[in-house]
Protein chains: 2
Amino acid sequence: MLFFTQCFGAVLDLIHLRFQHYKAKRVFSAAGQLVCVVNPTHSLKYAPTLCAAVQTSTEQGILPPCHHHDAVHDPQLVPCMCPLFSCPWEGHLEVVVSHLRQTHHINILQGAEIVFLATDMHLPAPTDWIIMHSCLGHQFLLVLRKQEKYEGHPQFFATMMLIGTPTQADNFTYRLELNRNQRRLKWEATPRSVLECVDSVISDGDCLVLNTSLAQLFSDNGSLAIGIAITTSKVHNPEAEM
Amino acid sequence: MLFFTQCFGAVLDLIHLRFQHYKAKRVFSAAGQLVCVVNPTHSLKYAPTLCAAVQTSTEQGILPPCHHHDAVHDPQLVPCMCPLFSCPWEGHLEVVVSHLRQTHHINILQGAEIVFLATDMHLPAPTDWIIMHSCLGHQFLLVLRKQEKYEGHPQFFATMMLIGTPTQADNFTYRLELNRNQRRLKWEATPRSVLECVDSVISDGDCLVLNTSLAQLFSDNGSLAIGIAITTSKVHNPEAEM
């Protein structure tokens, strides 16, 4: 574990040295693992075109209703789930990925195991870090959100969703892992489908939850590295029996 | 993982069926693992002999100073760390275990891997669940605490401390694991020494932290099962490199 921690430290140092003033999503490979640097999306405060209702309720810590597009009747139609943007787009599952890439410039990464490196963790809530992850023939959406469920007490919520149906999602297990300073925190669960709502997953607390002090313990220079792995649930893992 | 979850469910059902009206610490073996049922200690509200200063500060969510016994000068002298009791006892490390057993009736369990089953998770904060764990030639203290760091928002904090010096503690790694409903949360860290203070570990948030919704997700009928394992840090574990 110590070796791993040191490795991560070295990777983070390298990142900070090389990319200190470069503010975009960046992908590179380090120590055999794909590291994706993800910058925050702090759109609520700066985007003047936001839906006012969603903005107000989110700022008060009350989550907006999931399907805020009155015209959605087809259960396979997905509203844009890019959090906080309140994008009016809606479409079928098959075109969600291209919408997220083209309209919201969300990166998509390949590989069974990647490292998600969220920068600027100190930014005030609400803030999101979002990436797509292509793996095992499917696309997943990883959302890290800083939010004040209770006023004055920001927390970090991380979850992974399948860009697919709930039945397809049941075939997978995702793992999020933090590892630093001889401490390790690991969350494993079945991903939810994006047909459900990222906001409700987070308001239910059914995800990796970090309070500020834990987030600081696992951060290095304001960046939080989250190791991500996705497996199919049907592969029997003996370690999964604890 | 599903098999494990079902196993745990069966164990919990068995426990509730057989021990529903029996309110003491109970130890039995199920499915090859030692399961210890730990009842809560809710002493602050009912013990009239408490140190008033400690009681007040804890109720306000401000943690009491660690060494509240003015006469402590020998750094090897440990005040009684049985949380919330504010017991005036102090003594050397070698006699801490016998004090905790005899005066506070805290159980001690043997075995490398045990299951700590905390009952009555719904009780209001502050509440503690405490057990000692004898393993690898040393004794450890496991503390699960429900506490309102922020008024109205109780959280659960779990940590393991070595009844020994900080240097001895550095040789070990402890793991706390929750596993239920196809979700798994794992915390690994180096135990702290009881010469440090359980209160400061918890106020720093350097432990497994659960908010109420996560605790409910992992609980069954108001009981939370925590798998505990202790290893020596020097045994190289390939899985520890993630």
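Rules and cut-offs
- Residues numbered from 1 in each chain as written.
- Chains lettered and ligands numbered in written order.
- Predicted model: local features only at pLDDT ≥ 70, side-chain atom pairs only at ≥ 80, totals over all residues.
- Heavy atoms only, no water.
- UniProt positions renumbered as here; feature names shortened; annotations may be inferred.
- Helix = DSSP H or I, 4+ residues; strand = E, 2+ residues; numbered from the N terminus.
- Buried < 20%, exposed > 50% of the residue type's maximum accessible area, 1.4 Å probe, protein only.
- Contact = heavy atoms within 4.5 Å.
- Polar contact = N/O pair within 3.5 Å; in protein donor to acceptor, adjacent residues only side chain to side chain.
- Salt bridge = Lys/Arg side-chain N within 4 Å of Asp/Glu carboxyl O.
- Phe/Tyr/Trp six-rings, centres within 6.5 Å; stacked < 30°, edge-to-face > 60°.
- Pairing = 2+ DSSP bridges.

An unreviewed UniProt entry annotates chain A as E3 ubiquitin-protein ligase originating from Sclerurus mexicanus. Reading the Pathway (unreviewed entry) entry of the UniProt record for chain A gives the comment "Protein modification; protein ubiquitination." Per UniProt, the comment on chain A under Function (unreviewed entry) is "E3 ubiquitin-protein ligase that mediates ubiquitination and subsequent proteasomal degradation of target proteins. E3 ubiquitin ligases accept ubiquitin from an E2 ubiquitin-conjugating enzyme in the form of a thioester and then directly transfers the ubiquitin to targeted substrates."

Quick look at the environment of Leu208(A)
Turning to its location among the elements, Leu208(A) is positioned in strand S13 (residues 208–211). Leu208(A) gets classed as buried once you look at its relative accessible area, which sits at 3%. Put simply, Leu208(A) and Gln155(A) are 53 residues apart on the chain and 10 Å apart in space, counted from C-alpha to C-alpha. Residue contacts for Leu208(A): discarding those within four places in its chain leaves Phe156(A), Phe157(A), Ala158(A), Leu176(A), Leu178(A), Leu185(A), Trp187(A) and Leu185(B).

Focus: the side chain of Ser193(A)
Looking at where Ser193(A) falls in the secondary structure, it is placed in strand S12 (residues 192–193). Within the local environment of Ser193(A), its side chain forms a polar contact with the backbone oxygen of Gly164(A), the two atoms lying 2.6 Å apart.

Here we look at the pattern of salt bridges
Within this structure, the stated rule accounts for 18 salt bridges over all chains. Of the charged contacts in the structure, one is a salt bridge between Glu177(A) and Arg175(A), with a shortest N-O distance of 3.6 Å. For Arg175(A), a relative accessible area of 19% corresponds to the buried category. Look at the salt bridges and you will find they share partners, linking Arg175(A), Glu177(A), Arg184(A) and Glu188(B) into a network.

Quick look at the packing of aromatic side chains
Under the defined criterion, the tally for this structure stands at 6 aromatic pairs over all chains. Note on Phe218(A) and Trp187(B): the rings are 6.2 Å apart at their centroids and 85° apart in plane angle, and the pair reads as edge-to-face. Separated into two different chains, Phe218(A) in helix H7 (residues 212–218) and Trp187(B) in strand S11 (residues 183–189) make up a pair that spans both. Like Trp187(B), Phe218(A) is buried. Both rings, one in Trp129(B) and one in Phe156(B), keep their centres 6.3 Å apart while their planes meet at 45°; by these two values the pair is tilted.

Observations concerning the pairing of strand S15 (residues 223–232) of chain A
Residue and element names in this part refer to chain A. Along S15, 8 of the 10 residues are buried, which leaves the element largely enclosed by surrounding structure. Examined bridge by bridge, strand S6 (residues 113–118) and S15 share 6 bridges and lie antiparallel to one another. Its bridge partner being in S15, Leu 117 is matched across the sheet by Ala 225. Sheet topology places strand S10 (residues 172–180) next to S15; 6 bridges connect them, and they run antiparallel. Across the sheet, the residue bridging to Arg 175 is Ala 229, located in S15. Inspection of the sheet shows strand S14 (residues 219–220) paired to S15 by 2 bridges, in the antiparallel sense. The residue of S15 that forms the bridge with Ser 219 is Leu 224.

As for the UniProt feature "domain: Seven-in-absentia protein TRAF-like" (unreviewed entry) in chain A
Per the UniProt entry, the sites bearing "domain: Seven-in-absentia protein TRAF-like" (unreviewed entry) are residues 134–228 of chain A in this numbering. Along residues 134–228 of chain A, the helical share is 19% and the strand share 58%, with 12 Å between the first and last C-alpha atoms.

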